[in-house]
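The lines below spell out each chain.
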Number of protein chains: 2
Amino acid sequence: MKKIGIIGFGVVGSGVYEIIRKNKDILTKNAGEEIDVKRILDIRDFSAHEEAHLFTKDFNDLVGDSEIDIVVETMGGIKFAYEYTKALLSSGKSVVTSNKELVAAHGDEFFRIAKEKNVRYLYEASVGGGIPIIRPLANDAAANDICEVSGILNGTTNYILTKMFKENESFEGALKTAQELGYAEKDPTADVDGFDACRKISILMSLVTGKKIPSEMVHIAGIRTITAEDVTYAAAIGYTIKLIGCGFTKEGMVNASVEPMLIPESCPLSTVEDVFNSVMVKGNMVDTLMFYGRGAGKLPTASAVVGDVVDIVRSGEYNPYFSWEESDRESFIPYEDVEAKFFVRIEESQIPVAREVFGDREFIKGVNDYGFVTDEITIGKLAADIEKIGGVINKIRLYK
Amino acid sequence: MKKIGIIGFGVVGSGVYEIIRKNKDILTKNAGEEIDVKRILDIRDFSAHEEAHLFTKDFNDLVGDSEIDIVVETMGGIKFAYEYTKALLSSGKSVVTSNKELVAAHGDEFFRIAKEKNVRYLYEASVGGGIPIIRPLANDAAANDICEVSGILNGTTNYILTKMFKENESFEGALKTAQELGYAEKDPTADVDGFDACRKISILMSLVTGKKIPSEMVHIAGIRTITAEDVTYAAAIGYTIKLIGCGFTKEGMVNASVEPMLIPESCPLSTVEDVFNSVMVKGNMVDTLMFYGRGAGKLPTASAVVGDVVDIVRSGEYNPYFSWEESDRESFIPYEDVEAKFFVRIEESQIPVAREVFGDREFIKGVNDYGFVTDEITIGKLAADIEKIGGVINKIRLYK
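Let us look at the structure shown here. (Residues numbered from 1 in each chain as written. Chains lettered and ligands numbered in written order. Predicted model: local features only at pLDDT ≥ 70, side-chain atom pairs only at ≥ 80, totals over all residues. Heavy atoms only, no water.)

**Side note on the overall build of chain A**
Along the backbone of chain A there are 14 helices and 18 strands. Against the globule reference of 21 Å for 400 residues, chain A gives a C-alpha radius of gyration of 23 Å, in line with a compact fold. Principal-axis analysis of the C-alpha atoms gives chain A an extent of 75 × 45 × 35 Å. When contacts within chain A are restricted to residue pairs at least 6 apart in sequence, long-range pairs at least 24 apart make up 73% of them. (Helix = DSSP H or I, 4+ residues; strand = E, 2+ residues; numbered from the N terminus. Rg over C-alpha atoms; globule rule 2.2 N^0.38 Å. Contact = heavy atoms within 4.5 Å.)

Below is the structure:
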């Protein structure tokens, strides 16, 4: 019998509890022994819960309980989660988390402690909800030099963009619907401005490179700038628009970014709709892999957490292949040096000068203006060229 | 230093060798120690190979070499591969294979020996080429009752169907192109008649249920019956056609089948084109997951083989979560009892009687006949209803 603790009985934490109760026999079979919840820490009142005796408000009831080997941290946020995780690992307990903010910010420190204490710190649920992506990168792709990881890492923005494309809603209208359905928070900044996706691409690229990718090294642009007219243009040229977290390595250097991108309809990412997420991985031997599923939600996310718990029950010793070290700031490729094609929107009057600067292209007529696709150029060069033609209405990077 | 042997230096075997040479440093990092090829068994002449000294024609040079802990079996076929695998496992060596025919037919026996000898028998490359699917089912989905696995498991037929849809080729024409490009064999039976996909769905469902699914319990239909007219109908109703290997469990019972199915354009499987493969997994907690990538080819398949080798270098002890036991023939759901919707093509003259038997439906006009979609009915009931209306031109199951 393996006894676990849960910190934070919100959406994901209560999902973990539910899976452990409902799939008890399957878990016993898959873990090799029974898994039970011994203690749940939450500052709220759960005295009416059918297992009210499991709840405590005192962290010492978990960290001090020698029967508890594994603790699930699903409280979110940094402050308390950081202190608790550090204390738990230091006391020789393994920790499983869905807290992407914490993993992105302090993963490197936690892995050091986990190594020292020969325990594990796992975080499958922190990226892509229920989608297996951490373990495939750490294990399955082990024969490869992974040169690129990219994908739809935020369900809220994907829901909004899907609404804009399928039902011709404006950004504001789609955001309102998402808020009404509980897919977006009252303050939607973390999602629509790309911060949530930034944490996730940070985690993925930290795992791939073995060095922390700090959020401040990630170029971040959200989807507020995407208008109904961009949607019309995209559809006209056979593309859709998705918020893409993207990271790549090149000769030992690394770049990571979050921004809306045009995705060709032939690319599997284009069919990823609503709150679904999807991650593409490119390896030098396996070529392209894609992982798809529910990027959020109570049970899918809790499924990933419990998968990590099962992994630790099977083998609780420190595993170096899930970790990274502190950041190496010398190894970052500046965003300006990244090469891509762009879709650029300009006024009709700019066409002659655009033809001079960008070469002879096909200028597509939109509602009030014109759009064209550039050659592959560095983002720095694009900025300079845009200045030459006196600014543009909008520009969107093409996914490759 | 971990020394491995390779049996069969064909497409995949030579790919394994290539990866071990080219990605040497990455493999050392990911496995925790260096991996080297010590001996290659192949009856052909490789005396001109740059490492000719590695080759042997004598199996005893591998099985009798105590320095070799892991042997890669990429020779294919049953007869010799079966004897070799048994001898290797019995002598305490772990075996990694890409041989789906062998895994489907004799996996249960090999797992028994592997358990006895405390070694491993791994087969990630046997399904979906480079796509991680075995390890995700064995590890990542551990929190779930997996109720369904389905997908595009054969690249050759997917290439042919893609050609038929995108370029309006006939089945015969597309097959010829596939043969010219080396995607289809001279005798294409194993691919186009569904036997290859059958082995793969057998393996996946054996892993999921823990009991062998023998090929003869799998309903198999290939793609020879799919005509240009079926393609036209499918496109008209917003579907594409894919050869789908499909297995599901229900109250402890299991069914597996291979047949062409209509896939709605909104389903991610519909964008899986050419030789790519994709596997959908449904779990009771995580809902739908999808895994996508190159289902065949030298380096992608070898990447999966080498991934298994790395896994064994990290931990070479028997792992029960990758195994299944012998078949339990009491637990199979007959194909006739499977429920699905079907697209049915009939003559115009049959419409009145079809309306009586199948209810009032929308009859879509094709080139020479009419088509309609049934309600969800059992396949047995469909057969009886078809008899009532005096036969049909064609019927294709809808994917759900």
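**Notes on the packing of aromatic side chains**
By convention here, two paired aromatic rings are described through the distance between centres and the angle between planes. Counted according to the given criterion, the structure contains 35 aromatic pairs over all chains. Seen from their ring centres, Phe9(A) and Phe55(A) are 5.0 Å apart, and the 90° between their planes marks the pair as edge-to-face. Linking Phe9(A) in the loop between strand S1 (2-7) and helix H1 (11-22) with Phe55(A) in strand S3 (residues 55-56), this pair joins segments that are 46 residues apart in sequence. Like Phe9(A), the residue Phe55(A) is buried in the burial classification. Between the aromatic rings of Phe46(B) and Phe55(B), the centroid separation amounts to 4.6 Å while the plane-to-plane angle is 15°, which identifies the pairing as stacked. Per residue, the accessibility class of Phe46(B) equals that of Phe55(B), and both read buried. (Phe/Tyr/Trp six-rings, centres within 6.5 Å; stacked < 30°, edge-to-face > 60°. Buried < 20%, exposed > 50% of the residue type's maximum accessible area, 1.4 Å probe, protein only.)

**Digging into the interface of chain A and chain B**
The interface is formed by 44 residues belonging to chain A together with 44 residues belonging to chain B. Considering only the side of chain A, the residues that lose the most area to chain B are Asp140(A), Met285(A) and Tyr321(A), jointly responsible for 18% of the buried surface there. Put simply, chain A and chain B have 4 salt bridges between them. The biggest single contributor to the side of chain A that touches chain B is strand S12 (residues 287-294) of chain A, with 8 residues. Each residue belonging to the side of chain A that touches chain B can be placed in one class, and the counts come to 23 nonpolar, 12 polar and 9 charged. Of the pairings in the sheet, the one linking S12(A) to strand S12 (residues 287-294) of chain B comprises 5 bridges and is antiparallel in character. When the sheet's bridge partners are listed, Tyr292(A) is paired in S12(B) with Met290(B). (Buried area = accessible area lost by both parts, 1.4 Å probe. Salt bridge = Lys/Arg side-chain N within 4 Å of Asp/Glu carboxyl O. Nonpolar A, V, L, I, M, F, W, Y, C, P; charged D, E, K, R; others polar. Pairing = 2+ DSSP bridges.)

**A look at helix H10 (residues 195-209) of chain B**
End to end, H10(B) covers 21 Å across 15 residues, agreeing with the expected 21 Å (1.5 Å per residue, within 8%). All of the buried residues along H10(B) are Asp196(B), Ala197(B), Cys198(B), Lys200(B), Ile201(B), Ser202(B), Ile203(B), Leu204(B), Met205(B), Ser206(B), Leu207(B) and Val208(B). (Expected span 1.5 Å × (residues − 1).)

**Some remarks on the environment of Phe276(B)**
With respect to the secondary-structure elements, Phe276(B) resides in strand S11 (residues 276-283). According to the relative accessible area criterion, Phe276(B) is buried, its value standing at 14%. Remark: the alpha-carbon pair of Phe276(B) and Tyr159(B), spanning 117 residues in sequence, is separated by 8.1 Å. Filtering out sequence-adjacent residues up to four positions away, Phe276(B) remains in contact with Asp287(A), Thr288(A), Ile152(B), Asn158(B), Tyr292(B), Gly293(B), Arg294(B) and Gly295(B).

That is the geometry; function is a separate question.
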